[in-house]
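# Architecture and fold: a report
Each chain, written out:
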Amino acid sequence: MASSTVAQIYNRMSHDAQPSKVWTARDFADIGSRSAVDVALHRLRSDNRIRRVDQGLYDLPRPNQLTKKISPPDYRSVIQAVARRDGAKVLVDGITAANNLGFTNAVPAKVVVWTDARVKPIHLDKMVIDFKKVAASRLVWADRPAAQLVQALIWLRDVLPSDDVAKRRLKAILNDGDDGQRMRKDLQDHLGDLPDWLVPLVKDILNDATTPAPPPPARTP
């Protein structure tokens, strides 16, 4: 039974659509009991088939194509795994959200995550994920489709009104298929949860995002 549990867990990790995913014991609750899953994860780690990222967090070690060294795990997947491991709400800080959404190329060396749980910092090579316990009122957007967009908008507060590049990026995000539609609906349904200064700006953004592009000029014969 133990070997079967080991095989099933490793098979799931190896064939997941997200090769850089970070896993927790909870992700294998359908395979066996918690004690059986813990034993299997320990065995896989002892055999160096998986890596322990932090307490209760595991991934498949993957070499970097250029350096051939083992790459650190994706910090976004680590944060998601912490939320699952601890049953916690998480919300990344503004600069991290802006980077994730393509508003800036500056990758922070320190990622701050607001949460309702007590979590120790996690070190990933040269990056630190610092978990900051905050009041529930600051986590109202956690787990919502527009969570990162709201955080990014707050971070962009001083530059957004005059930044045409950021405005075009915003429109592209909100018109990006189903994800964009879910974000627009989330913003429309929860305008009252935004800071007062952000409400008129978001209304303008939503109006602009849903305005169709003008048709191309007619060709003259």
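Refer to the preceding data block for the structure.
In this report, the structure presented in the accompanying data block is examined. (Residues numbered from 1 in each chain as written. Predicted model: local features only at pLDDT ≥ 70, side-chain atom pairs only at ≥ 80, totals over all residues. Heavy atoms only, no water.)

### Notes on the layout of surface pockets
Going by this rule: Here a cavity means grid points, on a 1 Å grid over the protein atoms only, where a 1.4 Å probe fits yet cannot get out; a pocket means an open set of points with protein on both sides within 12 Å along at least five of seven lines; lining residues are those with an atom within 4 Å of a point. Grid points are joined across faces, edges and corners, and a volume is the space filled by probe spheres set on the points. Put simply, DSSP marks the helices as runs of H or I at least four residues long and the strands as runs of E at least two long, and each gets a number from the N terminus on. Throughout, the ten residues Ala, Val, Leu, Ile, Met, Phe, Trp, Tyr, Cys and Pro are labelled nonpolar, Asp, Glu, Lys and Arg are labelled charged, and all others, Gly among them, are labelled polar.
In this structure, the largest pocket occupies an estimated 630 Å³ of space. Lining the largest pocket are 25 residues, and of these Gln80, Arg144, Pro145, Ala147 and Gln148 sit closest to its centre. No other element matches helix H3 (residues 75-86), which puts five residues into the lining of the largest pocket. Computed from the structure, the second largest pocket encloses a volume of approximately 300 Å³. The wall of the second largest pocket is formed by 18 residues, among which Ser71, Pro72, Pro73, Asp74 and Tyr75 lie closest to the centre. For the lining of the second largest pocket, the secondary structure elements donating two or more residues are H3 and helix H4 (94-100). Taken together, the residues that form the lining of the second largest pocket break down as eight nonpolar, four polar and six charged.

### Digging into the sheet that holds strand S6 (residues 127-133)
As a reminder of what qualifies: By definition, two strands form a pair when at least two bridges between them are found by DSSP. Where helices are involved, their axes are fitted lines through C-alpha atoms of the stretch in contact, as for all axes, and angles between N-to-C directions lie from 0 to 180°.
Spatial strand order, S3-S4-S6-S5: four strands in an open sheet with mixed pairing. For this open sheet the edge positions go to strand S3 (90-92) and strand S5 (122-124), each flanked by a neighbour on one side alone. The mean inter-strand angle of the sheet, taken between neighbouring strand axes irrespective of direction, is 25°. With six bridges joining them, strand S4 (residues 110-115) and S6 adopt parallel strand pairing.

### Side note on the packing of aromatic side chains
When we look at a pair of aromatic rings, we describe it by the centre distance and by the angle of the planes. What counts here: Between rings of Phe, Tyr and Trp, where Trp is taken as its six-membered ring, a pair exists when centres lie within 6.5 Å; planes separated by under 30 degrees are stacked, by over 60 edge-to-face, and by other angles tilted. For a lysine, the NZ atom is tested; for an arginine, the CZ atom; a charge sits over a ring if that atom is within 6 Å of the ring centre and within 35 degrees of the ring normal.
For the structure on display, the rule yields one aromatic pair. Consider the rings of Trp23 and Phe28, whose centres lie 5.3 Å apart with planes at 20°: the pair is stacked. Just above the ring of Tyr10 sits the side chain of Arg49; from NZ or CZ to the centre is 4.2 Å. Here Arg144 stacks its cationic end above the ring of Trp141, 4.9 Å away from the centre of that ring.

### Let's talk about unusual backbone geometry
Leave glycine aside and you will find that most residues have negative phi; peptide bonds, for their part, are mostly trans. Our working definition: Whether a residue is buried, partly exposed or exposed follows from its accessible area with a 1.4 Å probe, protein chains only, as a fraction of its type maximum: under 20%, in between, or over 50%, in that order.
If you check the backbone angles, Asn48 has positive phi at about 60° while not being a glycine. Non-glycine residue Lys68 carries a positive phi angle of around 70°. Positionally, Lys68 belongs in the loop between strand S2 (57-59) and H3. We classify Lys68 as exposed; its relative accessible area is 60%.

### So, the nonpolar core
So the rule is basically this: What we call a nonpolar core is a set of buried Ala, Val, Leu, Ile, Met, Phe, Trp, Tyr and Cys residues that are connected through their side-chain atoms within 4.5 Å. In what follows, a contact means two residues having at least one pair of non-hydrogen atoms within 4.5 Å.
Core analysis: the biggest nonpolar cluster contains 52 residues, and Val78, Phe103, Ile129, Leu149 and Leu187 have the highest contact counts within it. Per-element tally for this core: the top contributor is H3, with six residues. In this view, Leu187 contacts Trp141, Ala146, Leu149, Val150, Leu174, Val202 and Leu206; residues no more than four positions away in its chain are not counted. Counting 14 residues, the second-largest nonpolar core is a separate cluster that includes Ala25, Ile31, Ala40 and Tyr58.

### So, the packing of helix H7 (residues 177-189) against helix H8 (residues 199-209)
To keep things clear, this is the line we draw: If you view the pair so one helix is near and one far, a crossing is left-handed when the near helix is turned anticlockwise from the far one by less than a right angle, and right-handed when it is turned clockwise.
Orientation of H7 relative to H8, taken along the N-to-C sense of each, is 145°, at an axis distance of 11 Å. Here the hand of the crossing between H7 and H8 comes out left-handed. Across from Arg184, Leu187 and Gln188 in H7, the residues of H8 making contact are Val202, Leu206 and Ala209. Looking at side-chain class alone, the contact of H7 with H8 contains four nonpolar, one polar and one charged residues.

### A look at the side chain of Arg85
Put simply, the rule is: Polar contact is defined as a pair of N or O atoms within 3.5 Å, subject to the rule that within protein one atom must be able to donate a hydrogen and the other to accept it, and that residues adjacent in sequence are counted only when both atoms are side-chain atoms.
Here Arg85 shows up in helix H3. At a separation of 2.8 Å, a polar atom in the side chain of Arg85 contacts the side chain of Asp86. With sequence-adjacent residues up to four places away left out, Arg85 is seen in contact with Thr24, Arg26, Asp54, Gln55, Gly56, Leu57 and Val119.

### Considerations on H7
Side chains three or four residues apart in an α-helix point the same way, a direct result of the helix having 3.6 residues per turn. Using the following cut-off: Each residue after the first adds 1.5 Å to the expected span of a helix. Each C-beta atom gives one direction from the helix axis, and the arc is the one those directions make.
With 13 residues, H7 ought to run about 18 Å at 1.5 Å a step, and its terminal C-alpha atoms sit 18 Å apart, in line with that. Regarding H7, the residues found buried are Gly180, Met183, Arg184, Asp186 and Leu187. Seen from one end, H7 has its buried residues packed into an arc of 160°, which puts them on one side. Residues Asp178 and Lys185 are exposed on H7 and point more than 90 degrees away from its buried face. Its buried side turned inward, H7 meets helix H5 (147-155), helix H6 (164-174) and H8.

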